[in-house]
Amino acid sequence: MNSENSSLYAYVNGQLQALSTAIERSDDHGAGALLADLLGTESDRSTTCAPPWPSDVSDDHTPVEFSVALDHGRRPTIRILAEALAAQPGLGANMDAARRLLADWAQRYQLSLDRYQRVAELFLSAPPVSQFALWFSLVFKAERRPAIKVYFDPNCRGRDRAADLVAESLDRLNLSAAYPTLRRHAMRPDAAEGDLDRYTFFALDLHDGPRSRVKVYVSHYDATAADAARAASAVPGVDADEVAEFCQLAGGDTAVFGGRPLVSSYTFVEGDADRPSGYSLYVPIRSYVADDVEARDRVLALARRYGHDAALIDRAIDAVARRDLADGVGLLAHVSLRLGDDRPGLTVYLSSEAYLVEPPRHRDEVARRLALQR
Ligand code: TRP
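Residues numbered from 1 in each chain as written. Predicted model: local features only at pLDDT ≥ 70, side-chain atom pairs only at ≥ 80, totals over all residues. Heavy atoms only, no water.

S.K.: Give me the packing of aromatic side chains: which residues, what numbers.
M.R.: Inspection of every chain in the model, using the stated rule, returns 16 aromatic pairs. Between Tyr 217 and Tyr 282 the ring centres are 5.8 Å apart and the planes differ by 40°, which places this aromatic pair in the tilted class. Remark: Tyr 282 occurs in strand S8 (residues 278–283) and Tyr 217 occurs in strand S6 (residues 213–220); sequence separation between them is 65 residues. Considered together, Tyr 217 and Tyr 282 belong to a single accessibility category, that of buried residues. When the centroid spacing of 4.9 Å and the interplanar angle of 70° are considered together, the rings of Phe 257 and Tyr 288 count as edge-to-face. (Phe/Tyr/Trp six-rings, centres within 6.5 Å; stacked < 30°, edge-to-face > 60°. Helix = DSSP H or I, 4+ residues; strand = E, 2+ residues; numbered from the N terminus. Buried < 20%, exposed > 50% of the residue type's maximum accessible area, 1.4 Å probe, protein only.)

Laid out in structure tokens, this is it:
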């Protein structure tokens with residue numbers, strides 16, 4: 001591999017282009033340029049060096065993660081979750097780099113920063129004490145400009161302040177009635193606040209259409225499928241049993257998700273009062289499989305179950321993978337189910353693994369762990 005081929009940008013952009021081909025998306029949207037903006041000066045650095053910053057975007061600290069979202073009646077979309085890194089990465093420096101990038105993109109893509117500005121100072125007035133201050137996601141939809149979303153970290157002032165920050169943010173966005181609903185449904189009643197169920201992200205769409213969303217994410221530690229169903233029941237019309245079944249299928253009959261946590265996201269749009277209008281559940285499938293062959297098999301079975309194009313997902317996995325699926329675990333990071341429309345949407349999160357591949361676990365070890373829980 002020559003040094004040009006192994007630059008972080010070349011590596012990740014190669015995966016992005018392959019992914020576009022795999023799902024038959026020739027419209028490029030200047031995705032490569034956005035990626036270069038995000039990676040900044042890191043873009044030239046070789047992937048054979050250690051990651052410059054321990055980004056929590058992905059397990060091996062690649063500051064970029066791909067996902068492919070399937071919805072009935074719509075074309076599949078490619079998305080990127082990413083952290084902007086400063087030339088000399090650090091908590092404050094990365095935050096400043098992210099703000100500069102946002103200001104730049106806001107001009108270039110006519111983003112709407114109205115709601116962002118109402119809450120930004122709550123999260124960005126000082127460098128975070130947590131892992132990050134501001135992440136971005138880019139959504140590439142057919143024949144449209146890329147949609148950009150920002151993620152704040154509710155734990156940026158310390159975990160004990162997370163609930164207050166979420167409540168205050170919702171309040172500033174005229175969604176104050178939503179907070180008690182979250183508290184009632186997303187938090188297990190028998191646990192101390194912030195112990196088992198924790199706010200992880202507060203996200204905003206940066207456009208001002210009527211479908212512009214506010215999303216609140218909650219991680220559920222040591223949760224069961226029934227706990228996820230309970231969390232989902234905050235949203236009117238959501239089939240909570242379906243959520244439980246999805247957990248079971250994605251988790252391979254895991255009883256207690258004691259590895260990485262299940263995650264709920266609640267979607268609010270203008271006009272929502274106390275109740276969210278959408279719900280998604282994310283299963284960190286990589287913690288509950290021996291290797292990526294097992295993860296792939298489960299995800300393809302889920303695609304068939306929900307009437308999505310399994311072959312397309314298989315091609316997407318192939319496009320991002322730079323190794324045999326049997327030789328590692330974590331390429332398939334999460335799989336999520338999106339409820340709120342008529343038929344559930346499915347999203348598969350794919351790690352770049354630019355820096356590192358997690359070795360497979362022994363199947364016996366996974367089976368033993370499952371048996372211990374019973
Ligand atoms: N890597 C982190 C995690 O697994 C953050 C993250 C990236 C994440 N993509 C995600 C969390 C999708 C939930 C869903 O927690």
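S.K.: Could you give an account of the environment of Leu 34, naming the residues involved and the relevant values?
M.R.: One can find Leu 34 in helix H2 (residues 31–39). When its relative accessible area of 0% is taken as the criterion, Leu 34 is described as buried. Sequence separation between Leu 34 and Gly 328 is 294 residues, and the spatial gap between their C-alpha atoms is 29 Å.

S.K.: Describe the site of the ligand, listing the residues and the values that go with them.
M.R.: Contacts to the ligand come from Asp 56, Val 57, Glu 65, Leu 81, Phe 201, Tyr 282, Arg 286 and His 334. Contact distances for the ligand include 3.0 Å between a nitrogen atom and a backbone N or O atom of Val 57. When the ligand sits alone it has 350 Å² of accessible area, and the protein chains cover 87% of it. When grouped by side-chain class, the residues that make up the shell around the ligand number four nonpolar, one polar and three charged. (Near = heavy atom within 4 Å. Polar contact = N/O pair within 3.5 Å; in protein donor to acceptor, adjacent residues only side chain to side chain. Areas by Shrake-Rupley, 256 points an atom, 1.4 Å probe, with all protein chains shown as cover. Nonpolar A, V, L, I, M, F, W, Y, C, P; charged D, E, K, R; others polar.)

S.K.: Give me the nonpolar core: which residues, what numbers.
M.R.: In this structure, Tyr 116, Phe 136 and Phe 152 are the most contacted members of the largest nonpolar core, which totals 114 residues. Residues Trp 135, Tyr 217, Val 263 and Ala 333 belong to the second largest nonpolar core, which totals 11 residues. (Core = buried A, V, L, I, M, F, W, Y, C linked by side-chain atoms within 4.5 Å.)

S.K.: I'd like a description of helix H9 (residues 292–305), backed by residues and values.
M.R.: The terminal C-alpha atoms of H9, which comprises 14 residues, lie 20 Å apart, in line with the 20 Å expected from a rise of 1.5 Å per residue. A distance of 3.0 Å separates the backbone nitrogen of Val 293 from a side-chain oxygen at the start of H9, and that oxygen is part of Asp 291. Taken from the residues just after H9, Gly 307 is the one with a positive phi, measuring 70°. (Expected span 1.5 Å × (residues − 1).)

S.K.: Give me the lowdown on the packing of helix H5 (residues 162–172) against helix H6 (residues 178–186), citing residues and values where you can.
M.R.: As a packed pair, H5 and H6 sit with axes 9 Å apart at the nearest point and diverge in direction by 145°. Counted together, Ala 163, Val 166, Ala 167 and Leu 170 of H5 and Ala 178, Tyr 179 and Leu 182 of H6 form the full contact between these two elements. When the residues that make up the contact of H5 with H6 are grouped by side-chain class, the tally is seven nonpolar, no polar and no charged. (Axes fitted to C-alpha atoms, helices over the stretch in contact; angles between N-to-C directions. Contact = heavy atoms within 4.5 Å.)

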